[in-house]
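Inside the fold
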Amino acid sequence: MKKKPTVSVCMITYGHQNYIREAIEGILMQECNFEVELIIANDCSPDQTDKVIQEILESHPKKSWIKYFRHESNLRMMPNFIYALNQCSGTYIAICEGDDYWIDPLKLQKQVDFLEANPDFVIHSANALELKRNLKSEEEPIIKDKSDSVFVLDDFLFHNNIITCTVLFRNVKVQFPDSFKKVTFGDWFLYLILMNTTKSKTYRSTELFSVYRIHEGGVMSGLTKLDYYNTHIFQIISIYNYLGDKKRYPKNYHLLNDFFIKKFRLMLEENMYLESLKTLISNFGNCGFRMPFKKYLSAIKYNYLQK
């Protein structure tokens with residue numbers, strides 16, 4: 001009978017034919033004293049992603065680590081992510097999407113050792129290199145801090161503090177809200193849910209574990225300005241609703257207000273006046289009298305003078 005893995009690596013992929021081999025090999029090169037499984041969930045990629053994975057399954061010495069799932073129809077990103085998470089049976093779960101890759105062969109060993117020794121932490125993460133335009137000569141660390149960091153739940157209310165391709169977390173039973181499958185930044189929401197469920201902390205090391213790739217097919221690259229504002233507004237409101245206590249965070253409305261007012265200005269520029277009004281009303285509904293009324297008046301005045 002096969003031993004239960006200590007770590008499950010969750011890898012979702014779609015249209016990653018040019019990157020998936022490097023992603024998989026970064027996991028299979030791991031040197032550790034425990035069992036590892038690699039869960040690959042291919043969301044019906046229209047390119048040659050499946051062919052590359054099949055080649056690795058046929059020939060790689062560590063192919064037994066891989067559990068491969070290829071969907072016959074496209075689930076979309078978040079349902080595929082949830083599906084992949086549900087296949088993970090390890091004590092811990094690591095995440096590496098099909099267009100990123102790991103560069104430290106001791107990544108998993110270091111992270112498991114840390115979490116085993118520190119039960120008050122639910123997540124361990126580290127630094128990564130940012131790779132743009134596939135030019136390795138331009139790689140640079142994403143996090144500029146020179147010292148390690150510790151985060152609590154409140155630090156994740158308005159932004160993500162860790163890099164997903166470096167993460168390892170405890171595989172604890174969590175209850176996902178309905179909004180989880182609808183958000184764009186599921187990783188950020190997942191970390192907050194993990195910390196809220198376990199009442200534990202997150203650790204971020206300065207070590208370089210991974211490479212985060214920016215390319216035209218990436219999620220963030222495909223967002224318009226309006227998409228960017230809408231996704232962040234929905235994400236923050238979803239987090240508010242999940243925690244169920246807006247009044248707990250009176251000092252942190254500035255970022256949500258900022259996304260609302262930027263969306264409002266954009267709607268005015270596009271002469272979408274009804275949508276502008278809906279944005280203003282939504283801002284008031286979520287932030288009340290903490291919303292920036294003067295900024296709205298200034299935006300209206302500026303738009304009027306430009307006509």
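First things first, this report covers the structure right here in the doc. (Residues numbered from 1 in each chain as written. Predicted model: local features only at pLDDT ≥ 70, side-chain atom pairs only at ≥ 80, totals over all residues. Heavy atoms only, no water.)

Side note on the nonpolar core
Ranked by size, the top nonpolar core spans 54 residues in total, and within it Phe 81, Phe 169, Leu 190 and Leu 256 carry the most contacts. The contact partners of Leu 256, leaving out residues within four places of it in the chain, are Phe 158, Ile 233, Ile 236, Ile 237, Tyr 240, Asn 286 and Cys 287. In terms of nonpolar packing, the next biggest core, distinct from the first, is built from 29 residues, Val 7, Ile 24, Ile 40 and Leu 108 among them. (Core = buried A, V, L, I, M, F, W, Y, C linked by side-chain atoms within 4.5 Å. Buried < 20%, exposed > 50% of the residue type's maximum accessible area, 1.4 Å probe, protein only. Contact = heavy atoms within 4.5 Å.)

Notes on the environment of Tyr 240
Looking at the secondary structure, you find Tyr 240 in helix 6 (residues 225-243). On the basis of relative accessibility, which here comes to 3%, the residue Tyr 240 falls in the buried class. Each C-alpha atom, one on Tyr 240 and one on Ser 276, is 23 Å from the other, the two residues being 36 residues apart in sequence. (Helix = DSSP H or I, 4+ residues; strand = E, 2+ residues; numbered from the N terminus.)

Topic: the environment of Arg 21
Structurally, the position occupied by Arg 21 is in helix 1 (residues 20-28). Residue Arg 21 is classed as partly exposed on the basis of its relative accessible area of 33%. Spatially, the C-alpha atom of Arg 21 lies 7.2 Å from that of Ile 53, the residues being 32 residues apart in sequence. Separated by 2.6 Å, the side chains of Arg 21 and Glu 55 make a polar contact. (Polar contact = N/O pair within 3.5 Å; in protein donor to acceptor, adjacent residues only side chain to side chain.)

Spatial relationships are all this shows, so hold off on functional conclusions.
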